[in-house]
Structure formats: C-alpha cells, structure tokens
Amino acid sequence: LISKYISRSMAAAVASKLDILKANEGLLDAETRVLVSALLDAGQEHLFSGWPEPGKDDDNKRRLLAQLRQLDSSYAGGLLKYISNAKKLLKDSKEGSNPFEGCVPSVPEGEKLDSGSDAFIELENAGIAAAADTAFVLVAGGLGERLGYSGIKLALPVESATGGCYLKLYIESILALQALNGNRRQLPLAIMTSDDTHARTEALLRSHAFFGADPAQVTLVKQEKVACLADNDARLALTPGDAWAVQTKPHGHGDVHMLLHSSGLAARWRDAGLRWAVFFQDTNALVFRAIPAALGVSAARAFDFNSLAVPRRAKEAIGAITKLAYPDGTSRTLNVEYNQLDPLLRAAYDPEGDTNDDTGFSPFPGNINQLIVSLDSYCEELQKKGGVIGEFVNPKYADAGRTSFKSSTRLECMMQDFPKDLPSTARVGYTSINQVWAAYSPVKNSPADAAAKAAGGNPSHSATTGELDYYKANCKMLEHVGACIAGPSSASFNGLEDLEFWPRVVWPPAWAIGFDQLKARLPKPSAISLGQDTVLIVSEPNASLESLTLERGAVEVAGQGPIVAGTVSNDGWTWEPLDEDKGAPEEEVIRGFHVVRHAIETLK
C-alpha cells in the first residue's frame, strides 16, 4: 500500500510539473515524461513554455523530445548530470576561481631522449616488443577546413612524392609493428570520428581495403555533440532560428575516454591480455618515429600515463607537463595550458615565471597530445567515472560583471586531462624527444595563418612544413646509420621563407620503422649517397639496398634485391611553386607547390 501511495504521489507530482506542456503530455512516453519532469526541476522550463496546444507543431515537438533523449543517452550520467556539472563550472568561472590555487609546481619525472642515441634505440626496440600487447587509438573528429582543405584530414596526403594519406601511413605503421612481433596477434585500432567525419572515414577505409588491415581489427567510435548553454544558470540554448532544437557543439577530444568505456573496447582489450593503449592525433606524420621509444619508457618505468612531449620555449603557445603539489599534501603530474603556466610559476616557483634554462628551453616539456596509458589502471579509472574526465567551460562574457554571454557556450574536455582525476599514487610522466623535427610536425594551420605564425617566430604547423619535415626526418635517419646525405637546399613556399628542403626520401613503414630496421635494410650504409634535391622512393617493403650514388634526379627502389646500383643521374622531379593565376587542387594549394615529374629510374 505504501509503495502504491508513493508511486501515485510521484505520478501526481510529475503530472503537476508537466502542466507547462499545455496538455501536450500525450506526446510523451513514460521514459520521456521522467526526463522532461527532471529537466523542469533543473530550470529548463523555457524549452517547453512556448508550446502551442496539441495538434499544432506536433512533429517539431517530437523532434525536440527525440533530441533531448539523444543528448541524455550520449552523455555519461545523462543530461541532468551535464547540467549539474555545468552549473558548478559556470559558477566557478563567474567567480574567477583558480583551479591551481595553493599548488606548488615543479619539473616532473620523465625521460628526455636524443633521436638515434643508444638510449633511444634501446628504448625503441623495447617499445617495438611492447607493441605486441598494445592497442592504438586515433582521434580524428575534425575536417580540414581550417587548413583550406574540404576533405577529412585523414585523407590528406602526407607528402607529394607518393601521395599516401595520413590514414594509410598510420595503419601501415601499426601493421609494421605487428609484423615485427611475428603477427602473433592483430593489433587493434579504434578511430574516434564525428558526425562530420564518420561516413567519410568509413568510405576511405573501404575504398582502400583498410590499407592492408583486417577490417575486424579497426573499430570506428563516433563522438556525439553536447548541448550549448545560454547563461550562468546552465539553461540549454535553443538553436537560433529554430525553437525546436537545442544548439549543440563538440564536447572535445576528451570524449574518446568515454567512448572507449561505453563501447566496452578498453575493457575487452585489457581482458584479451593487452597492456597498453596509445592515443595519437590525425595529422602528425612523425608520431610513429617516437611512439616506440615512448612505449619503451612506459614499460621500463611502469608509467600509468605517459605523455609524448617535445622541448618548448618559454611562453610558447603549447601546454606544459608539470608536477603540482596540492595543499592537501598530494601531488599530480598533468598538462597545464600555456596561458595558466606563467602566473602559476610566478606565484610559487620562480618570480620571473615561465623562463628558459641554460638549454635554451623551458624545463617544463611541451605536451603534444600523443599519450600512452596502462590498460589496467586506465580501465579501473574509466569504471569509476564512466569515462567522463575533468571538464571546463570557457564562456565569452558580454559584461564586466560576468552576468551574460556574448554567445552560447558548452562544457569541453581534453584527452590529455585524464591524469587530473587519477589517484595521487598513479605513476604519471613524460617522454620528450629533444629533436622536435623527429617527433612532431602537425598540419593544422591554413597557409595564411601559417605565414603569420612564422612571421611571429612560431612554428607554422602547415601542410608545407609537415611534408618537408617528413623528408628531413627520413634523411636524418639515413644519415645517422651511416649514409651520405647532402644537406638541405633553401626553399620558400606559401609565404614561408628559408625552409630546409632535404632530399625527398620516402619509404613504407614495413621497410623500416626504427633505426635497427633501417640498418638491416642497408648492409653497407656508407655506400648510399644522395645529392641535394634528389628523390628516393622505396616502394618494395622487402628491399635490400646495398649501394646507390644518386647524384641528381629520382630513383624508385621496386625490387627486393639485394640491389647494387652505380651512379644514377637523371632529370628527376622538381617541387615548383604554384602559379597563383592557375587553378590547382586543394592538396597543392595548402602546400604552395606541385611536383613536376620529368624522369625517374626504377631499380629492381
């Protein structure tokens, strides 16, 4: 009887709250009635207060209700949890709360490595072995519009010599690691997509037969958007011009953790005996030149969370890996955004703030958002919090009193913030590659933005430099193992001046993913010589190249060999600036050049 009374009372209470719907409650099933009632309790009356009587705009009403159910189901904890989190974060933002109040920063524990050094190669080989028990996660929810490219960024060519795209390079790198471990297990790859990229990513994979991977080892997980917030009370914002739709925006790449949890992927990987998961982003062609060594560091130091990093200069606009001692006596190592770092350091580390040390760089390494986690501790934390990591809000206020917004805002999250919620006992560190060109050259700026950044003394991070740095890294590897490589010429493209233009050297990951693999492909490295402005393409993954003197021109290594070549000289290929008066494909426009193929000699 008591149970029936309570149920009736609750039903009556819900019905009373739903009076605002003006008899439209007939459109609501039982589950939706509970959700709408809870939303009304949470201050969301504006979503329903303007509803006309039944029979008018019923399809639009159903459309809004369906969207609310979708927003509720796609956020861990539901839409009410999202609103609750938003109210707290908006309150903190309005009051100007400092998340690092009372924290004392210091340089964290980690490993700094020179690419190609004995220590690097030892860790690289250890990481290649550890890759046998590793899953890979590619965060790829963005289009290339910011670059001036209308396709998905994964379809963008890495370089112009072969035209291979980023997704091809990444999958072939994973397959190369798999092969080096005897193909004893397929290494899984999860790709986080979005509404903008999901169908096109799937089409790219299918049209290229998954670039050699078994389709079963590739999983796409789609990120959903979150509701926008209209004011400090976390009222959900309606879409301008459409009173029947909540405005939505991306939640941020931190959603990858929630998706790995909700899909069950992370737990399945762990249960299958995998030990590590590597997270990387969509347009850094050099990442697999650094991942094996970083994976070796994770294994050697038993890191729960390891951030791949590069040296950063003081005040550089890149987050810094920092150890923070909290007032309660605990400490954590995490990413601190560059605009928060300087005041934090001034308050409790150095009165001069963010400064360079005698190396010419900040002692706090720069975070590049390539991450390695231990699956055991990672899954444990996902289970505790449903995959939701620390969020933030960044409203643009319309007044000094911070009472209203210029436009709607939303909660956001970043995947590198995962350590913020780890227990203080977790082992968190970093692996920094001292040569930035060996690990990090992302493509994320349009030609105009890249030129402006370069003019300000900052890395341009453009399609132009992404390609040229890829050639440089390959040449440096050849040089390190003993080949004779002519130094770079100087080039200017798309307003970027005095660029290092190394010989255009490209090989597939299966040919060599690390230094020891490269040595094995070149039995007599000193017998390999490349002149300035030459082109060397290795297309045969099992090729053994014993000798080659490429004075000028272009060569393709297409046979297994062993290949013994004499002196080669031909008209080769040239990278020529674009004629602004002639139309060109987007892939060329964002680089500022196109390749003119005069001649190439094929070695078999």
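- Taking an unreviewed UniProt entry as the reference, the protein chain is identified by name as UTP-monosaccharide-1-phosphate uridylyltransferase belonging to Auxenochlorella protothecoides.
- Note on the protein chain: under the UniProt heading Sequence similarities (unreviewed entry), the record states "Belongs to the USP family."
- Listed under Catalytic activity (unreviewed entry) in UniProt, the entry text for the protein chain is "a monosaccharide 1-phosphate + UTP + H(+) = a UDP-monosaccharide + diphosphate".

## Some details on the pattern of salt bridges
Moving on, step 1. For the structure on display, the rule yields 32 salt bridges.
Moving on, step 2. A salt bridge links Arg301 to Glu111, with the shortest nitrogen-to-oxygen separation between them at 3.1 Å. Here the residue Arg301 occupies a position in helix α10 (residues 287–301), and Glu111 occupies one in strand β2 (residues 110–113), the gap between them amounting to 190 residues.
Moving on, step 3. Residues Lys222 and Asp195 are paired through a salt bridge, measuring 2.6 Å at the closest nitrogen-oxygen approach.

## Quick notes on the packing of aromatic side chains
Moving on, step 1. Counted according to the given criterion, the structure contains 19 aromatic pairs.
Moving on, step 2. Taking 5.2 Å as the distance between ring centres and 80 degrees as the angle between the ring planes, the aromatic pair formed by Tyr75 and Tyr82 counts as edge-to-face.
Moving on, step 3. Residue Tyr75 is classed as buried on the basis of its relative accessible area of 5%.
Moving on, step 4. Seen from their ring centres, Tyr378 and Phe418 are 5.0 Å apart, and the 45 degrees between their planes marks the pair as tilted. Remark: Phe418 occurs in the loop between β16 (411–413) and β17 (428–433) and Tyr378 occurs in helix α12 (residues 375–385); sequence separation between them is 40 residues.

## Remarks on the domain arrangement of the protein chain
Moving on, step 1. By domain assignment, the protein chain separates into domain 1 (8–74), domain 2 (104–238 + 248–444) and domain 3 (449–602).
Moving on, step 2. Here the C-alpha centre of domain 3 lies 62 Å away from the C-alpha centre of domain 1.

## Quick notes on the pairing of strand β23 (residues 535–538)
Moving on, step 1. On β23, burial covers both faces: Val535 and Ile537 on one face and Leu536 and Val538 on the other are all buried.
Moving on, step 2. Bridging between strand β21 (residues 504–506) and β23 involves three bridges; their strand directions are parallel. Across the sheet, Val506 pairs through a bridge with Ile537, a residue of β23.
Moving on, step 3. Relative to strand β25 (residues 554–557), β23 runs parallel, the two sharing four bridges. Residue Val538 lies in a different strand from β25, and its bridge partner there is Val557.

## Some remarks on unusual backbone geometry
Moving on, step 1. Non-glycine residue Ala302 carries a positive phi angle of around 55 degrees.
Moving on, step 2. As for its position among the elements, Ala302 is in the loop between α10 and β11 (305–310).
Moving on, step 3. Accessibility expressed as a relative area gives 46% for Ala302, which makes it partly exposed.
Moving on, step 4. Of note in this structure, Lys315 is not a glycine but carries a positive phi near 75 degrees.

## A closer look at helix α2 (residues 30–41)
Moving on, step 1. Here α2 is twelve residues long and its end C-alpha atoms lie 17 Å apart, about the 16 Å a rise of 1.5 Å per residue gives.
Moving on, step 2. Within the span of α2, buried status applies to Thr32, Leu35, Val36, Ser37, Leu39 and Leu40.
Moving on, step 3. The N-terminus of α2 is capped by Asp29, whose side-chain oxygen sits 3.3 Å from the backbone nitrogen of Glu31.
Moving on, step 4. Directly after α2, the chain includes Gly43, whose backbone phi takes a positive value near 85 degrees.

## Thoughts on the sheet that holds β21
Moving on, step 1. Strand order in the open sheet made by the four strands is β21-β23-β25-β29, with parallel pairing throughout. Of all the strands in the sheet, the pair left with one neighbour each is β21 and β29 (601–603). In this sheet, neighbouring strand axes are inclined to one another by 15 degrees on average, regardless of whether the strands run parallel or antiparallel.

## Observations regarding the pairing of strand β8 (residues 242–246)
Moving on, step 1. Two strands pair when backbone bridges link them, and strand β7 (residues 238–239) and β8 are joined in this way by two bridges, in the antiparallel orientation. Opposite Thr239, over in β8, you have Asp242 as the bridge partner.
Moving on, step 2. Taking the residues that link successive antiparallel strands as the turn, the β7-β8 hairpin has two residues, and the phi of Gly241 there is positive, at about 85 degrees.

## Quick notes on helix α4 (residues 79–95)
Moving on, step 1. If you check α4, its first and last C-alpha atoms are 24 Å apart, about what 17 residues at 1.5 Å a residue would give, namely 24 Å.
Moving on, step 2. Every buried residue of α4 is accounted for by Leu79, Tyr82, Ile83, Asn85, Ala86, Leu90 and Ser93. Viewed along the axis of α4, the buried residues span an arc of 165 degrees, placing them on a single side of the element.
Moving on, step 3. Looking at the buried positions of α4, the neighbouring elements they touch are α2, α3 (58–74), β6 (225–227), β15 (391–393) and β16.
Moving on, step 4. Looking one or two residues beyond α4, the residue adopting positive phi is Gly96, at roughly 70 degrees.

## Some words on the packing of α2 against α3
Moving on, step 1. In the contact formed by α2 and α3, the axes pass within 11 Å of each other and the chain directions differ by 80 degrees. Classed by the angle they form, the pair α2 and α3 counts as roughly perpendicular. Along its contact with α2, which presents Thr32, Leu35, Val36 and Leu39, the element α3 presents Leu65, Leu68, Arg69 and Asp72.
Moving on, step 2. Its residues assigned to classes, the contact of α2 with α3 shows five nonpolar, one polar and two charged.

Cut-offs used in this document
- Residues numbered from 1 in each chain as written.
- Predicted model: local features only at pLDDT ≥ 70, side-chain atom pairs only at ≥ 80, totals over all residues.
- Heavy atoms only, no water.
- UniProt positions renumbered as here; feature names shortened; annotations may be inferred.
- Salt bridge = Lys/Arg side-chain N within 4 Å of Asp/Glu carboxyl O.
- Helix = DSSP H or I, 4+ residues; strand = E, 2+ residues; numbered from the N terminus.
- Phe/Tyr/Trp six-rings, centres within 6.5 Å; stacked < 30°, edge-to-face > 60°.
- Buried < 20%, exposed > 50% of the residue type's maximum accessible area, 1.4 Å probe, protein only.
- Domains from an automatic or database assignment.
- Pairing = 2+ DSSP bridges.
- Expected span 1.5 Å × (residues − 1).
- Polar contact = N/O pair within 3.5 Å; in protein donor to acceptor, adjacent residues only side chain to side chain.
- Axes fitted to C-alpha atoms, helices over the stretch in contact; angles between N-to-C directions.
- Arc of directions from axis to C-beta.
- Contact = heavy atoms within 4.5 Å.
- Parallel < 35°, antiparallel > 145°, perpendicular 65-115°, else oblique.
- Nonpolar A, V, L, I, M, F, W, Y, C, P; charged D, E, K, R; others polar.

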